[in-house]
Amino acid sequence: KGSETIEWIGKSDGTYSVRSLKKNHSPGTRIYLRCKQGSEDFFQLKKLKKLLTHYGCFLPCSITLSDTESHFLIHQEKPFSFDQESIRNLDKKAVLEYGRSIFDEEFIDFIPLSSETGDVSGIAFVISHKINPTVRKKHRVYIKKMFLSESVDNLLPDWAFFVRCIVNANNLQPTASREEIYEDIKLIKVQHELSNCIREYFINKAAFDTQTLQKIISIHRLAIKAMAIDDNELYELVVRWLPFETSLGDLTIEEIFKKTTTIQYTPNIDEFRQIQRISAAKSFCILNCGYVYDIDMVEKLPNVFPDIEIERIRPTDISESFTELSHTERELAYAFTKTANAVLQEYHCCALIKKFIPKELPALFIIDEEADFLRNINNTKEISNPLFSSVLGDLSQNIQASTQARLCFNFNNPIIGKLIESQDSKIIQMSTEIIYIQSLLLGHYPLNNKEMKLLNGSLLNLIEHKL
């Protein structure tokens, strides 16, 4: 009051001028913007209203947008305040609709967020579809209720890839470019406190809303497992509803408990594929723990459920349960087995024959860890340079020469039955080659150069022989 009025004029080239005005004005700041040629769209009422709402709808001061005909109070456009009490009392349907309008995607639910360290509050929206966990989600962040960025990706830990957030932080520092939050000890503490909010949300859902919890778990099982593996309380609450791939289809732990008190599992996908069809035919429930976190989740079960036992199953364990042939049947299959062994010897595999179900499966390729390691070494040697190939050769010599994969033929299979009765050694040879390749493909084993040539030539050889 009583001071002279100052006029500041800035130009687009960075220069400016300052002068004193003779006329006195009341205290305050008045800013005039002159439209650059080609930017007229930014001075349209609809565009201005959208921009002002986008950047300033949460500001505590009033913003009025006026033209010659109408007036708009911008802060009335805000959907909620960034205080925890108002967020907890929000209408779920209205909040989810607001999230959809902001992020252009559907959400299942929302999670109130707060952090005392950074004076942070806001909402995390739970995404309603499966997403790639390696893609970090972008969040909308306000600093002291002024819009900062909608591309902040360091607000939450990596496992929280299934939510998108709108938050305000009064005590966090933006980067110089004002596009991210400055990463320091304070931000790490904020991440921890916000992750606790998500954890508490799941604990609450397990107690009062299991239907929503099961829906979220079915979509975002990987993130739930990542949280539960290091949190015993959360693990105990959600593990019953976690789905696992089994030989009987996708089942939750609770559904598996109804079938057995001994949880049998394989530690990798290749082993599971070897025994999947056999186990299903015998109604054995075998879990595939070849996916991330699954082994850890299963091995913790006895700690929470004392009556439950866990047991690792190998393909060799399954093959040992097959029915042996009688003396007469072994004599009948002797010539076939001898020819098959001669064919498979070149591929470090031996033939045996037993009875098992399903009878539609002509043979099962069985390989233990040592034989699989040797197979991988030999396959790698084919594509390696001479120096590395020699190193692998020295390594493979330390493995017992008796280590071999096995191709177990099914005596119950009609095709195998006809081959046993056949007197044509050429037919047996070519059929063995085809069945061997088929068994490898069913087990999703990569073929080496010899096996690729066998795949390309064996079927044509069989057709040519019959013609």
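Quick note: structure is the one above.
Computed from a prediction, not measured in an experiment: that's the story for all the values here.

Quick notes on the rules
Residues numbered from 1 in each chain as written. Predicted model: local features only at pLDDT ≥ 70, side-chain atom pairs only at ≥ 80, totals over all residues. Heavy atoms only, no water. Helix = DSSP H or I, 4+ residues; strand = E, 2+ residues; numbered from the N terminus. Rg over C-alpha atoms; globule rule 2.2 N^0.38 Å. Buried < 20%, exposed > 50% of the residue type's maximum accessible area, 1.4 Å probe, protein only. Contact = heavy atoms within 4.5 Å. Patch = residues over 30% accessible without salt bridge, like charges linked within 9 Å, V, L, I, M, F, W, Y side chains within 5 Å. Areas by Shrake-Rupley, 256 points an atom, 1.4 Å probe, with all protein chains shown as cover. Salt bridge = Lys/Arg side-chain N within 4 Å of Asp/Glu carboxyl O. Lys, Arg positive; Asp, Glu negative; His and termini not counted. Charge placed at Lys NZ, Arg CZ, Asp CG, Glu CD. Expected span 1.5 Å × (residues − 1). Polar contact = N/O pair within 3.5 Å; in protein donor to acceptor, adjacent residues only side chain to side chain.

Within the chain one finds 18 helices and 17 strands. Radius of gyration (C-alpha) of the chain: 34 Å, far over the 23 Å computed for a compact globule of 467 residues. Dimensions along the principal axes, computed over C-alpha positions, put the chain at roughly 120 × 55 × 45 Å. In the chain, which comprises 467 residues, the share counted as buried stands at 41%. The long-range fraction of contacts in the chain, counting pairs at least 24 apart against all pairs at least 6 apart in sequence, stands at 64%.

Right, let's talk about a negative patch on the surface for a bit. On the surface, a cluster of negative charge is made up of Glu309, Glu311, Asp317 and Glu320. Elements supplying a minimum of two residues to the negative patch: strand S14 (309–312) and helix H12 (315–320).

With that settled, consider helix H17 (residues 425–442). Between its first and last C-alpha, H17 extends 25 Å over 18 residues, near the 26 Å set by a 1.5 Å rise per residue. Of the positions making up H17, those classed as buried are Ile427, Ile428, Met430, Ser431, Thr432, Glu433, Ile435, Tyr436, Ile437, Ser439 and Leu440. With a side-chain oxygen lying 3.0 Å from the backbone nitrogen of Lys426, the N-terminal cap of H17 falls on Asp424. Once H17 finishes, His444 follows within two positions and takes phi at roughly 60°, a positive value.

Another aspect to go through is a nonpolar patch on the surface. Side chains of Ile6, Trp8, Tyr16 and Val18 sit close together on the surface and give an oily, nonpolar patch of about 490 Å² of accessible area. Of all the elements in the fold, those that place two or more residues in the nonpolar patch are strand S1 (5–10) and strand S2 (16–21). Looking at the secondary structure, you find Trp8 in strand S1.

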